[in-house]
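Chain and residue survey
Given next are the chains, with one letter for each unit.
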Amino acid sequence: MDTGKVTDPRDSNQLTRAYLDSLLVEARYLDSCVPELEMELFGARFASPVMIAAFSHLGGTHPGGMAEMARGARLAGVCNWAGMGDTAELEGILSTGAPTIKIVKPYADRRLVFERLRHAEQAGALAVGMDIDHSFDHRGMPDHVVGMDMKPVSSDELREFVRATRLPFVVKGVLSVQDAVRCAEAGVQGILLSHHHGIMPWAVPPLMALPRIRDALGDSMALFVDCSIDSGEDAFKCLALGAKAVCVGRACLPAFRESGAEGVKRYIDGMNDQLRAMMARTCSPDVRSIPRNVLWSAATGLPVD
Ligand SMILES: Cc1cc2nc3c(=O)[nH]c(=O)nc-3n(C[C@H](O)[C@H](O)[C@H](O)COP(=O)(O)O)c2cc1C
């Protein structure tokens with residue numbers, strides 16, 4: 001994982017880690033209590049707002065692959081996300097009982113997009129969505145992912161995807177107010193601020209983009225954050241700036257490789273303890289009541305909100 005030192009200023013992962021580390025927390029003890037971490041999302045209840053990122057191709061990390069990761073989410077009582085993968089794999093993930101948000105790639109073959117959205121709904125996913133940031137390759141040409149052609153998505157197409165399912169639709173890969181507003185206009189119910197672990201250089205850290213997007217959209221949109229989140233303190237900072245929940249990706253892979261679902265549960269439980277500790281010390285009784293003005297910028301010495 002990223003160390004917090006920016007040795008390559010183009011590296012979006014390093015920039016993101018450095019931004020997370022640049023935010024300081026103000027303590028508020030009087031009238032505080034032991035906080036509740038439970039979260040409600042799309043009609044389901046979860047143990048905490050820490051979620052498993054939209055992974056794919058985990059068979060090389062643990063023989064149980066994506067279903068084993070979903071078992072980890074289920075054991076920890078948190079929301080699971082699933083990325084690229086075939087229909088049989090998604091059925092295996094869902095058979096674990098882990099409520100799962102299925103992210104469909106922006107396949108150039110739009111029939112496949114509609115098929116996958118329909119399948120996810122029939123198979124019992126909690127929500128569906130699309131990682132719009134995987135439409136271009138590093139030359140700005142349409143992307144190819146594991147032999148599959150991708151295509152950029154227009155606002156009109158996004159509206160059609162949203163209309164094609166009864167499930168809540170989330171968009172992954174938003175970093176601008178422009179995209180966020182277009183998502184809202186298309187009927188999207190959740191946005192994951194993400195640069196897909198550095199899909200572009202110089203990407204604005206998702207947490208840095210969060211306040212502007214939050215202010216542009218208000219409370220009606222569920223906002224999620226991922227990229228380089230590896231502790232409950234990181235999760236706390238995202239919630240304090242208006243995120244409903246966060247996704248943990250690469251940080252939980254060593255525990256997953258070592259101990260499968262049990263390792264993932266232990267990792268998430270540890271993050272939950274760190275999150276609860278930060279909430280207790282900032283007079284935050286539950287995840288909906290974290291004050292918006294407890295973070296300070298180490299760079300400016302001023303509050304950030
Ligand atoms: C092994 C692996 C597979 C991934 N597959 C997908 C995918 O299929 N779809 C997707 O939207 N994101 C995918 N991601 C990206 C993650 O969901 C997440 O956005 C990214 O890793 C940033 O979070 P992190 O810094 O916590 O890892 C994958 C990430 C990893 C590490």
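The coordinates are above.
Throughout what follows, the structure given in this document is the object of discussion. No experiment lies behind these values; they were computed from the predicted model shown.

1. Brief notes about the site of the ligand
Surrounding the ligand, one finds 21 residues, the nearest of these being S56, G83, D131, G249 and R250. For the shell around the ligand, the element with the highest residue contribution is strand β4 (residues 50-55), accounting for three residues. A per-class count over the shell around the ligand returns nine nonpolar, eight polar and four charged.

2. With respect to the sheet that holds strand β15 (residues 303-304)
Backbone-to-backbone hydrogen bonds join strands into a sheet, with any given pair of strands oriented parallel or antiparallel. Strand order in the open sheet formed by three strands is β1-β14-β15, with antiparallel pairing between adjacent strands. Two strands in the sheet have a free side with no partner beyond their single neighbour: β1 (23-25) and β15. Bridge count between β1 and strand β14 (residues 295-297): three bridges; the pairing is antiparallel. Bridging across to β14, L24 finds its partner in W296.

3. Remarks on the sheet that holds β4
The eight strands are arranged β4-β5-β6-β7-β10-β11-β12-β13 in a closed barrel whose pairing can be described as parallel. Taken over all neighbouring pairs, the strand axes of this sheet differ in orientation by 25 degrees on average, direction set aside. Sheet topology places β4 next to strand β13 (residues 245-248); three bridges connect them, and they run parallel. From the neighbouring strand, I52 faces β13, where its bridge partner is V248.

4. Describing the environment of L210
Topologically, L210 is positioned in helix α7 (residues 206-217). Taking the number of C-beta atoms within 10 Å as the measure of exposure, L210 has 22 and is therefore buried. Distance from L210 to L158, taken between C-alpha atoms, is 22 Å for residues 52 residues apart in sequence. With residues up to four places along the chain from it excluded, the contact list for L210 reads L193, L223, V225, L241, G242 and A243.

5. Things to note about the pairing of strand β10 (residues 169-174)
Burial of β10 is extensive: six of the six residues sit out of reach of the surface. As judged from the four bridges shared by strand β7 (residues 127-131) and β10, these two strands associate in the parallel manner. By the bridge assignment, M130 is partnered in β10 with V171. In terms of handedness, the path from β10 via helix α6 (residues 177-186) over to strand β11 (residues 190-193) forms a crossover that is right-handed.

6. Quick notes on the environment of A243
With respect to the helices, strands and loops of the structure, A243 is situated in the loop between α8 (232-240) and β13. For the pair A243 and P285, spaced 42 residues apart in sequence, the C-alpha separation works out to 16 Å. Other than its neighbours up to four places away in sequence, A243 contacts L210, L223, F224, V225 and C238.

7. Regarding the packing of α8 against helix α9 (residues 253-280)
A pair of packed helices can be characterised by two numbers: the angle between their axes and the separation between those axes. Put simply, α8 and α9 touch, their axes get as near as 7 Å, and they point 50 degrees apart. Our classification of the angle between α8 and α9 gives oblique. In terms of crossing hand, the pair formed by α8 and α9 is right-handed. Listed contacts from α9 to G232, E233, A235 and F236 of α8 are M271, N272, D273, Q274, L275, M278 and M279. Classifying every residue of the contact of α8 with α9 by side-chain character gives six nonpolar, three polar and two charged.

8. Re helix α2 (residues 65-76)
Helix length check: α2 (12 residues) gives 17 Å between terminal C-alpha atoms against 16 Å at 1.5 Å per residue, within 8%. Of all 12 residues that make up α2, nine are buried, and the element is covered over most of its length. Taken together, the buried positions of α2 are occupied by M66, A67, E68, M69, A70, R71, G72, A73 and A76. For α2, the elements touching its buried residues are β4, β5 (80-82), α3 (87-94), β6 (100-104) and α9. One or two steps after α2, the chain reaches G77, where phi turns positive at roughly 75 degrees.

9. A word on the packing of α2 against α3
As a packed pair, α2 and α3 sit with axes 8 Å apart at the nearest point and diverge in direction by 25 degrees. Comparing their axes, α3 and α2 come out roughly parallel. The chirality of how α2 crosses α3 is right-handed. Across the interface between the two elements, M66, A67 and A70 from α2 touch E89, G92 and I93 from α3. For the contact of α2 with α3, the class distribution of residues is four nonpolar, one polar and one charged.

Definitions and cut-offs
Residues numbered from 1 in each chain as written. Predicted model: local features only at pLDDT ≥ 70, side-chain atom pairs only at ≥ 80, totals over all residues. Near = placed C-beta within 6 Å. Helix = DSSP H or I, 4+ residues; strand = E, 2+ residues; numbered from the N terminus. Nonpolar A, V, L, I, M, F, W, Y, C, P; charged D, E, K, R; others polar. Pairing = 2+ DSSP bridges. Axes fitted to C-alpha atoms, helices over the stretch in contact; angles between N-to-C directions. Buried ≥ 20, exposed ≤ 12 C-beta atoms within 10 Å, placed from the backbone. Contact = placed C-beta atoms within 7 Å. Right-handed = clockwise from strand over helix to strand, strands pointing away. Parallel < 35°, antiparallel > 145°, perpendicular 65-115°, else oblique. Left-handed = near helix turned anticlockwise from the far one by under 90°. Expected span 1.5 Å × (residues − 1).

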